[in-house]
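Next come the chains, spelled out residue by residue.
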Amino acid sequence: MKFHKPVIALASLGLLLGSAYGSASAASGSKSSTKSAAAASIQQTTKKIQAQVDTIQLQKKNPEEIYYVYVNDKKYNPGGFSYRAFTYGLPFNNYQEYVQKAQVLKTPFLQLEQEPGDFQFQTAYLGVYTPQTWSIEGQKLSKQIVEEGKASGKTVFVKKMTDKRWSVTLTYQGSPGSQQAGAILSMIAAPAGTPDPSIEYAPSLAEPEKLVVEGQELTYKTRDALKYKTANSPVINNSQGEQRLEWKDSRTKISYTIIATGGEITKEALVSLAEQIITGQS
């Protein structure tokens, strides 16, 4: 489901930067010298802010550390609610290396005893968990970051926090020459958040299918179940050709999502993967 009304999100300040200043710099050549000077000043301020944000992003971070960055600048941060979160993360190109590290860090279980048919392991990524913006925890954190950022009086406000929770993403690619060539299969495990009841959701065009696998309730979405619309907008679909299988493990309170795009992967194959993940925790 998608949000009906705007919520505080970890928006990319880089995108905000482009929307805030792109038109000003493009038109500066045709404006008066006064306006040109103002545009140049804005551009210089932008560079200084971006340099500070880049420095924080590139700064070495330890496991469990999260750096929340809020910018007090109306042109750089229109609306005054967007911020970014920079965290410690570990990418792996070798599956066994990922498993060894994941066990040490006690991450959510996301290991496959058997590789999906016609797929090859591509990458694994371990990242410190940041609360989902649609959750009660995420909404509370968002309000805290924005309020403290505005009250700080600093142009670039940084709040360092720690969290012992982790999220895991495994990505597989369809084997060349197979019926899954060109397909991408992703599996994500993270602590499950509690939805904030104050957030309104836009309805999808079709109800997702409900499944029960090894005693767990799963939701399968594809086609119209991945399309949604609002009262003032046409149908929106950012998931052409995508399939999703989602569930929250009732024993561990970990949420799982399996996403398939492209290829010829079937719903039954996704369910088989889910069964493998679920039974592996027994």
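Novice: It is not clear to me how the layout of surface pockets should be interpreted in this structure. Could you clarify?
Specialist: Gaps left between atoms are located by rolling a probe of water-molecule size over the structure's atoms. The space that makes up the second largest pocket amounts to roughly 200 Å³. Forming the walls of the second largest pocket are 15 residues, and the residues nearest its centre are Glu 115, Pro 116, Gly 117, Ala 269 and Leu 273. Broken down by element, the lining of the second largest pocket gets its largest block of residues, 4 residues, from helix α5 (residues 267-279). Along the lines of polarity and charge, the residues of the lining of the second largest pocket split into 5 nonpolar, 7 polar and 3 charged.

Novice: Explanation requested: the sheet that holds strand β2 (residues 65-71) in the structure shown.
Specialist: Each strand in a sheet pairs with another by means of backbone hydrogen bonds, the pair being arranged parallel or else antiparallel. If you walk across this open sheet you meet the 3 strands as β3-β2-β6, and the pairing is antiparallel. A single partner strand is all that each edge strand has here, and the edge strands are β3 (83-87) and β6 (156-162). The sheet shows a mean angle of 20° between the axes of neighbouring strands, direction not considered. Pairing geometry for β2 and β3, over 5 bridges, is antiparallel. Residue pairing across strands places Ile 66 opposite Thr 87, the latter belonging to β3. Across the face of the sheet, helix α4 (residues 136-152) comes into contact with β2, β3 and β6 while running at roughly 140° to β6.

Novice: Honestly, the environment of Thr 46 in this entry has me stumped. Any pointers?
Specialist: By secondary structure assignment, the location of Thr 46 is in helix α2 (residues 33-58). Relative accessible area serves as the criterion here: at 7%, Thr 46 is assigned to the buried category. For Thr 46 and Tyr 76, which are 30 residues apart along the polypeptide, the C-alpha to C-alpha distance reads 7.1 Å.

Novice: Mind showing me how you'd approach the confidence of the model for the protein chain here?
Specialist: Averaged over the protein chain, the pLDDT score is 83; the fraction of residues at 70 or greater is 84%. Strand β1 (residues 2-3) is the least confidently modelled element of the protein chain, averaging 38 in pLDDT, while strand β8 (residues 184-191) averages 96, the highest of any element.

Novice: What am I meant to see in the pattern of salt bridges here?
Specialist: Side-chain pairs of opposite charge can arise where the charged atoms are in close proximity. The full count for this structure, using the stated rule, is 11 salt bridges. With a shortest N-O distance of 2.7 Å, Arg 165 and Glu 137 are connected by a salt bridge. Of this pair, Arg 165 sits in the loop between β6 and β7 (166-174) while Glu 137 sits in helix α4; the two residues are 28 residues apart in sequence, bridging distant segments of the chain. Its relative accessible area of 37% is what places Glu 137 among the partly exposed residues.

Novice: Where do I start with the side chain of Asp 163 in this structure?
Specialist: The topology assignment puts Asp 163 in the loop between β6 and β7. For Asp 163, a relative accessible area of 14% corresponds to the buried category. A polar contact of 2.7 Å, which involves the side chain of Asp 163, links it to the side chain of Arg 165. Setting aside residues no more than four positions away along its own chain, Asp 163 makes contact with Glu 64, Ile 66, Val 128 and Tyr 129.

Novice: Please explain α5 as it appears in this structure.
Specialist: Think of an α-helix as turning once every 3.6 residues; residues three or four places apart then point the same way. Along its 13 residues, α5 runs 18 Å from first to last C-alpha, staying within 8% of the 18 Å computed at 1.5 Å per residue. In this fold, the buried residues of α5 make contact with β8, β10 (209-213), β11 (216-222), β12 (242-248) and β13 (254-261).

Novice: Before we go on, may I ask you to explain the packing of aromatic side chains in this structure?
Specialist: Where two aromatic rings form a pair, the distance of their centres and the angle of their planes describe that pair. In this structure the tally under the stated criterion is 7 aromatic pairs. Relative to Tyr 98, the ring of Tyr 95 has its centre 5.8 Å away and its plane inclined at 55°; by these criteria the two rings are tilted. Linking Tyr 95 with Tyr 98, this pair stays in helix α3 (residues 95-105), spanning 3 residues, or about one helical turn. Note on accessibility: Tyr 95 and Tyr 98 belong to one class, buried. Here Lys 61 stacks its cationic end above the ring of Tyr 67, 5.7 Å away from the centre of that ring.

Novice: I would appreciate a short explanation of the pairing of β7 in the present structure.
Specialist: Strand residues, when the strand is regular, have side chains that alternate between the two faces of the sheet. When you tally the buried positions in β7, you get 7 out of 9 residues, the bulk of the element. With 9 bridges joining them, strand β5 (residues 119-128) and β7 adopt antiparallel strand pairing. Paired with Leu 126 across the two strands is Val 168, which belongs to β7. As paired elements, β7 and β8 share 6 bridges and run antiparallel to each other. Considered in β8, the bridge of Val 168 is made with Ala 189.

Novice: How should the sheet that holds β13 be read in this particular structure?
Specialist: Overall, antiparallel pairing links the 8 strands, which are arranged β4-β5-β7-β8-β13-β12-β11-β10 in an open sheet. Lying at the two open borders of the sheet, with one neighbouring strand each, are β4 (89-92) and β10. Taking each pair of neighbouring strands and ignoring which way they run, the sheet shows an average axis angle of 15°. For β12 and β13, the ladder comprises 7 bridges, and the chain directions are antiparallel. Directly across from Glu 246, in β13, lies its bridge partner Thr 257. In this fold α3 packs onto β4, β5 and β7, with an angle of close to 25° to the strand it touches most, β5. Sheet contacts for α5: β8, β10, β11, β12 and β13; angle to β12, the most-contacted strand, approximately 30°.

What counts and what doesn't
Residues numbered from 1 in each chain as written. Predicted model: local features only at pLDDT ≥ 70, side-chain atom pairs only at ≥ 80, totals over all residues. Heavy atoms only, no water. 1 Å grid on protein atoms, 1.4 Å probe; cavity = no way out; pocket = protein on both sides within 12 Å on 5 of 7 lines; lining within 4 Å. Points joined across faces, edges and corners; volume = space filled by probe spheres on them. Helix = DSSP H or I, 4+ residues; strand = E, 2+ residues; numbered from the N terminus. Nonpolar A, V, L, I, M, F, W, Y, C, P; charged D, E, K, R; others polar. Pairing = 2+ DSSP bridges. Axes fitted to C-alpha atoms, helices over the stretch in contact; angles between N-to-C directions. Contact = heavy atoms within 4.5 Å. Buried < 20%, exposed > 50% of the residue type's maximum accessible area, 1.4 Å probe, protein only. pLDDT = per-residue confidence, 0-100. Salt bridge = Lys/Arg side-chain N within 4 Å of Asp/Glu carboxyl O. Polar contact = N/O pair within 3.5 Å; in protein donor to acceptor, adjacent residues only side chain to side chain. Expected span 1.5 Å × (residues − 1). Phe/Tyr/Trp six-rings, centres within 6.5 Å; stacked < 30°, edge-to-face > 60°. Lys NZ or Arg CZ within 6 Å of the ring centre and 35° of its normal.

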